[in-house]
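Residue-level structural notes
In case you want the letters, here they are:
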Amino acid sequence: MTHEAAGVPPTRNDDDRQDDDRPAEPQPAPEAAASAEDAAPRPEARLAKAVRAAEQALIEFEIAVETFRVEVENFSRLHHQKLGPMYARLDELDAQIAEARAAKTGDPEDLRKAKEARDIVMPMPGVDELFHDWMDGDGLSPEASAMLTEQPVRPPKRVRPSEEARKLYRELARKAHPDLAQDEPERERRDEFITRVNAAYGRGDVELLKELAAEWAAGPAQPLAPLSESEELYARLEWLSRRKELLTVLAKELEEGAIGSMLRMAPDDPDQLLEDIGEQLLGEVSRREAELAELVQ
């Protein structure tokens, strides 16, 4: 019978004895282990963070699109106000030149061209032309509404609102944007407020923007909504994605339109672009007048 079988402990070497002398490694307390598990971020928390980031990104994108839309609208209006008479003068000169040439030659082709040129100057108005600048998607345009209410029309003084107006607008849009609303009444309140902000920004009205900033600061603070179920967060992300797609289409339409394309030629100083185009048109008017003078001598 061996010693082990008799219950005698087996002989240990020195290494075994040294191992027994080492202090035992501390084991984490149950409370500490539970705390470590609680500290790990839940999937819903990571999803909520992604939703907040997407919301802020969409707001910044909307601000950029609205800023460009205002510039396109102002540029179009100023283009018509400042350069419209020059375009009309050029059309009239083209008609007079064609008529003078046809009177000299009597050629049927010249007579046809003269009639076409005169028709451009005096076209038969259509429905769209009769109501041009009177109606928009929301009803009466600001100019038409002002005329009907005997209020002075306030055309923009320049294409791009001042830097102060741009700064105030961006701050208000970030704070009061409807996409930050968590219920329908709050969204309606923000929609109404942002509509007034957009109108003030479109006119470059710095003082009104300051008043609106004070009004928003005095209003009820927007509470942070609790982030709950992952399904709700996923639905929110899907809505934000659809909204961004719509804005992308709008931005593309603005950029590819005639006025947007012109603005992209001088993104840093669109007002100077109007002046440059005006000088070119004046040169064209002078050349047409000289040509007409030679024909009627």
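**Some words on the overall build of the chain**
- A count of helices and strands for the chain gives twelve helices and two strands.
- Reading the secondary structure of the chain in the N-to-C direction produces α-α-α-α-α-β-β-α-α-α-α-α-α-α.
- For the chain, the residues scored as buried account for 30% of the 297 residues in total.
- Considering only residue pairs separated by 6 or more positions, the chain has 73% of its internal contacts joining residues 24 or more positions apart.
- Split by element, the accessible area of the chain, about 20,100 Å² in all, is 55% carbon and sulfur.

**Observations concerning the pattern of salt bridges**
- A complete count under the given rule lists 27 salt bridges for this structure.
- For glutamate 289, the salt bridge identified is with arginine 89, shortest N-O distance 3.2 Å. Of the two residues, glutamate 289 is situated in helix α12 (residues 270-295) and arginine 89 in helix α3 (residues 43-105); the sequence distance between them amounts to 200 residues.
- In this structure arginine 89 comes out as partly exposed when scored by relative accessible area, which is 34%.
- For lysine 115, the salt bridge goes to aspartate 119, with nearest N and O atoms at 3.1 Å. Here aspartate 119 and lysine 115 lie together in helix α4 (residues 108-121), a separation of four residues that amounts to about one turn.
- Owing to a relative accessible area of 38%, aspartate 119 belongs among the partly exposed residues under this scheme.

**What about the environment of alanine 114?**
- Of note, alanine 114 is situated in helix α4.
- For alanine 114 and alanine 100, which are 14 residues apart along the polypeptide, the C-alpha to C-alpha distance reads 8.4 Å.
- In contact with alanine 114, not counting residues within four places along its chain, are Ala98, Glu99 and Ala102.

**Here we look at a negative patch on the surface**
- Judged by side-chain charge, Asp183, Glu184, Glu188 and Asp191 come together as a negatively charged surface patch.
- Residue placement: glutamate 184 occurs in helix α8 (residues 184-202).

**Thoughts on the packing of aromatic side chains**
- Counted according to the given criterion, the structure contains two aromatic pairs.
- Between tyrosine 169 and tyrosine 201, the ring centres sit 4.4 Å apart and the planes meet at 15°, which makes this aromatic pair stacked. On the criterion of sequence distance, the pair formed by tyrosine 169 in helix α7 (residues 163-176) and tyrosine 201 in helix α8 is long-range, its members being 32 residues apart. Of the two residues, tyrosine 169 and tyrosine 201, both sit in the buried class.
- One residue, lysine 244, lies across the ring of phenylalanine 61, its end atom 5.2 Å from the ring centre.

**Quick notes on the side chain of glutamate 92**
- Mapped onto the elements, glutamate 92 comes out in helix α3.
- Among the polar contacts listed, one links the side chain of glutamate 92 to the side chain of glutamine 96, at a separation of 2.7 Å.
- A distance of 2.9 Å separates the side chain of glutamate 92 from the side chain of arginine 118, its partner in a polar contact.
- Discounting chain neighbours no more than four positions away, the residues touching glutamate 92 are Arg118 and Val121.

**Looking at the side chain of glutamate 71**
- For glutamate 71, the position within the fold is in helix α3.
- Leave out the neighbours within four places in its chain, and glutamate 71 touches Val159, Arg160, Arg166 and Leu263.

**Overview of the confidence of the model for the chain**
- For the chain, the average pLDDT comes to 76, and 71% of its residues sit at 70 or higher.
- Within the model, the stretch residues 1-18 combines pLDDT values under 50 with five contacts to residues more than four positions away or in other chains.
- Overall, residues 124-141 carries pLDDT values under 50, and its contacts beyond four positions in sequence, including any with other chains, amount to 15 contacts.

Analysis parameters
Residues numbered from 1 in each chain as written. Predicted model: local features only at pLDDT ≥ 70, side-chain atom pairs only at ≥ 80, totals over all residues. Heavy atoms only, no water. Helix = DSSP H or I, 4+ residues; strand = E, 2+ residues; numbered from the N terminus. Buried < 20%, exposed > 50% of the residue type's maximum accessible area, 1.4 Å probe, protein only. Contact = heavy atoms within 4.5 Å. Areas by Shrake-Rupley, 256 points an atom, 1.4 Å probe, with all protein chains shown as cover. Salt bridge = Lys/Arg side-chain N within 4 Å of Asp/Glu carboxyl O. Patch = residues over 30% accessible without salt bridge, like charges linked within 9 Å, V, L, I, M, F, W, Y side chains within 5 Å. Lys, Arg positive; Asp, Glu negative; His and termini not counted. Charge placed at Lys NZ, Arg CZ, Asp CG, Glu CD. Phe/Tyr/Trp six-rings, centres within 6.5 Å; stacked < 30°, edge-to-face > 60°. Lys NZ or Arg CZ within 6 Å of the ring centre and 35° of its normal. Polar contact = N/O pair within 3.5 Å; in protein donor to acceptor, adjacent residues only side chain to side chain. pLDDT = per-residue confidence, 0-100.

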